Amino acid sequence: MSSTRLEECQEPDSATLQGVVLPSLANLCSVVERLKALGNHASIKTVVGERSSFTIEAASDAANLSASYDGLEVEPSSSMGDARECEVELEVKNFGKALFAHQILPDQVLCCKARLIFSCETRVHN
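Conventions and cut-offs
- Residues numbered from 1 in each chain as written.
- Predicted model: local features only at pLDDT ≥ 70, side-chain atom pairs only at ≥ 80, totals over all residues.
- Heavy atoms only, no water.
- Buried < 20%, exposed > 50% of the residue type's maximum accessible area, 1.4 Å probe, protein only.
- Helix = DSSP H or I, 4+ residues; strand = E, 2+ residues; numbered from the N terminus.
- Pairing = 2+ DSSP bridges.
- Core = buried A, V, L, I, M, F, W, Y, C linked by side-chain atoms within 4.5 Å.
- Contact = heavy atoms within 4.5 Å.
- Salt bridge = Lys/Arg side-chain N within 4 Å of Asp/Glu carboxyl O.

A.B. asks: Hey, could you run me through the pairing of strand 2 (residues 41–48) in this one?
C.D. replies: Both faces of the sheet carry side chains from a regular strand, because those side chains alternate between them. Most of strand 2 is tucked away, with six of its eight residues classed as buried. Judged from the eight bridges that link them, strand 2 and strand 6 (residues 84–91) form a sheet pairing that is antiparallel. Bridge assignment links threonine 46 to a residue of strand 6, and that residue is cysteine 86. As defined by bridge partners, strand 2 adjoins strand 3 (residues 53–59) across five bridges and the pair is classed as antiparallel. By the bridge assignment, lysine 45 is partnered in strand 3 with threonine 55. The turn joining strand 2 and strand 3, which pair antiparallel and follow one another in sequence, is formed by four residues.

A.B. asks: It is not clear to me how the nonpolar core should be interpreted in this structure. Could you clarify?
C.D. replies: Soluble globular proteins tend to pack their nonpolar side chains together in the buried interior. In this structure, Phe54 and Ile56 are the most contacted members of the largest nonpolar core, which totals 24 residues. Among the elements of the structure, helix 2 (25–36), strand 2, strand 3, strand 4 (64–70), helix 3 (92–98) and strand 7 (108–114) are those that each provide at least two residues to this core. In terms of residues, this core owes the most to one element, helix 2, which gives six residues. Aside from chain neighbours lying at most four places away, what touches phenylalanine 54 is Leu22, Leu28, Ile44, Lys45, Thr46, Ala67, Ser68, Tyr69, Leu72 and Cys111.

A.B. asks: Quick question: what am I supposed to make of the pattern of salt bridges here?
C.D. replies: Between side chains of opposite charge, a pair can form when the charged atoms approach closely. Tallied over the full model, the rule gives two salt bridges. With its nearest N and O atoms 3.5 Å apart, the salt bridge here joins lysine 45 to glutamate 85. With lysine 45 in strand 2 and glutamate 85 in strand 6, this pair connects stretches of sequence that are 40 residues apart. Relative accessible area serves as the criterion here: at 31%, lysine 45 is assigned to the partly exposed category. Under the relative-accessibility criterion, glutamate 85 is labelled exposed at 56%.

This is how it looks when you write it as structure tokens:
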């Protein structure tokens with residue numbers, strides 16, 4: 001990312017973000033390891049609403065692989081209006097590195113969209 005583009009990005013205010021609480025990061029690490037065999041890129045699609053979901057998918061000429069997690073908790077919980085969707089393309093290798101946060105045993109990891117970034121925020125409570 002260029003330095004100009006990086007300056008446009010700001011860390012979101014986590015108190016106001018709404019996102020989907022991700023499933024076990026160890027489970028996601030396992031899925032990402034399998035996606036690496038299909039190529040360098042994958043897509044993540046998150047739906048925040050009454051039926052929140054998180055899907056990660058990769059494809060090659062020979063095969064498609066996806067994992068979908070439905071009925072996920074939304075934080076902070078509030079009455080949702082219409083469902084909101086967000087989809088991003090990412091490098092599987094770098095996303096796999098980010099998932100190693102499971103080693104610090106977070107209580108929650110939120111996946112949310114904020115301005116120019118798609119962020120996974122780890123929350124650890126003492």
